[in-house]
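What follows is the residue order along each chain.
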Amino acid sequence: MDDERRQVQPDWSLIDEVSIPLLDSGVGAFEVLQSCLPSVVLCKASANHKEWTQERLLKMFRIAQLQIQHVLKSQHELSKTVSSLEETRTHLLRENKQLRQILKNSPDLSSEYFKCEHCGKLFISITFLREHIERRHPKHLDPKAEVTLPLTAQVDSSVATSVWVSHC
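Conventions we followed
Residues numbered from 1 in each chain as written. Predicted model: local features only at pLDDT ≥ 70, side-chain atom pairs only at ≥ 80, totals over all residues. Heavy atoms only, no water. UniProt positions renumbered as here; feature names shortened; annotations may be inferred. pLDDT = per-residue confidence, 0-100. Helix = DSSP H or I, 4+ residues; strand = E, 2+ residues; numbered from the N terminus. Contact = heavy atoms within 4.5 Å. Phe/Tyr/Trp six-rings, centres within 6.5 Å; stacked < 30°, edge-to-face > 60°. Buried < 20%, exposed > 50% of the residue type's maximum accessible area, 1.4 Å probe, protein only. Core = buried A, V, L, I, M, F, W, Y, C linked by side-chain atoms within 4.5 Å. Salt bridge = Lys/Arg side-chain N within 4 Å of Asp/Glu carboxyl O. Patch = residues over 30% accessible without salt bridge, like charges linked within 9 Å, V, L, I, M, F, W, Y side chains within 5 Å. Areas by Shrake-Rupley, 256 points an atom, 1.4 Å probe, with all protein chains shown as cover. Polar contact = N/O pair within 3.5 Å; in protein donor to acceptor, adjacent residues only side chain to side chain.

Looking at an unreviewed UniProt entry, one finds the protein named C2H2-type domain-containing protein, with Steinernema glaseri as its source organism. The UniProt entry for the protein carries the following text under Sequence similarities (unreviewed entry): "Belongs to the DZIP C2H2-type zinc-finger protein family."

What follows is the structure in structure tokens.
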């Protein structure tokens, strides 16, 4: 797209109504900056038009500065949020790994869980195992297999997977 089609004329009535002191103090800043964005970003300054006064140019420059400050502040806040979420994710992955090891190493619980023969994950019910296989290992799913076991039945993992999986 060429530059001429993307350029717009500034909304001078909007620019003239903007109060820089109020923006500097933070009153209604986001809404005003958003409404001024096309006028500031998509226009091309021209010394040939009488609307382009020094006062208006300085005002648009200050609005542009405030817009950039807002973007940088938002970026900083988002970066902090992402860092926090990454820390939470790392903690949960570590905790998940520890819990998996506990489940795998517990001889008392081995018959109460259903193990996926394809990736080794453990599930508390045959229904969860079935859903996992449908999502993660669909090529190993036997569509003709029917299960008649109640959800509360405790079955050895090899029996549970043989009901659902046609081949290993």
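This is not the end of the story, as more comes after the structure.
*Asks:* Explain the confidence of the model for the protein to me, please; I cannot follow it from the model alone.
*Replies:* When pLDDT is low, close inspection of the predicted coordinates is not appropriate. In the predicted model, the protein carries a mean pLDDT of 77, and the fraction of residues at 70 or more is 77%. Confidence scores differ between elements of the protein, with helix α7 (residues 157-164) showing the lowest mean pLDDT of 41 and helix α5 (residues 54-105) the highest of 90. Low pLDDT, under 50, characterises residues 146-168; the stretch is placed with 44 contacts to residues that sit more than four places away or in other chains.

*Asks:* I tried to follow the packing of aromatic side chains on my own but got confused; where do I start?
*Replies:* Two numbers describe a pair of aromatic rings. These are the distance of the centres and the angle of the planes. Following the criterion strictly, the structure yields one aromatic pair and no others. Ring geometry for W12 versus W52: centroids 5.0 Å apart, planes at 90°, classification edge-to-face. Of this pair, W12 sits in helix α2 (residues 12-17) while W52 sits in the loop between α4 (29-41) and α5, and the two are 40 residues apart along the sequence. Overall, W12 belongs to the buried group, its relative accessible area being 11%. When its relative accessible area of 10% is taken as the criterion, W52 is described as buried.

*Asks:* Help me understand the side chain of H132 in this model?
*Replies:* Within the secondary structure layout, H132 lies in helix α6 (residues 126-136). Exposure remark for H132: the relative accessible area of 3% places this residue in the buried category. Ignoring anything within four residues of it in the chain, the contact list for H132 reads C116, C119, K121, F123 and H137.

*Asks:* I would appreciate a short explanation of the nonpolar core in the present structure.
*Replies:* Where a protein is soluble and globular, its nonpolar side chains tend to be buried together. The biggest cluster of nonpolar side chains holds 15 residues, and the ones touching the most others in it are I15, V18, L23, M60 and I63. Elements that contribute at least two residues to this core include exactly α2, α3 (20-25), α4 and α5. In contact with I63, not counting residues within four places along its chain, are I15, V18, I20, L23, L33, C36 and V40. Core analysis: the next-biggest nonpolar cluster, separate from the first, contains seven residues, F114, F123, I126 and L129 among them.

*Asks:* Can you walk me through the pattern of salt bridges in this structure?
*Replies:* Side-chain pairs of opposite charge can arise where the charged atoms are in close proximity. Applying the stated criterion across every chain yields a total of four salt bridges. Across the pair R56 and D16 runs a salt bridge, and its minimum N-O distance is 2.6 Å. With R56 in helix α5 and D16 in helix α2, this pair connects stretches of sequence that are 40 residues apart. On the accessibility criterion, R56 (18% relative accessible area) is buried.

*Asks:* What should I look at first to understand a nonpolar patch on the surface in this one?
*Replies:* The grouping of V8, L37, V41 and L42 at the surface amounts to a nonpolar patch, some 280 Å² of accessible area in total. Counting through the fold element by element, V41 comes out in helix α4. Among the residues examined, V41 registers a relative accessible area of 53% and is labelled exposed.

*Asks:* I'm lost on the side chain of S39 in this one. Help?
*Replies:* Assignment of secondary structure puts S39 in helix α4. S39 gets classed as buried once you look at its relative accessible area, which sits at 5%. Polar side-chain contacts of S39 include one of 2.8 Å to the backbone nitrogen of D11. Contact partners of S39, with chain neighbours within four places excluded, come to P10, D11, I15 and M60.

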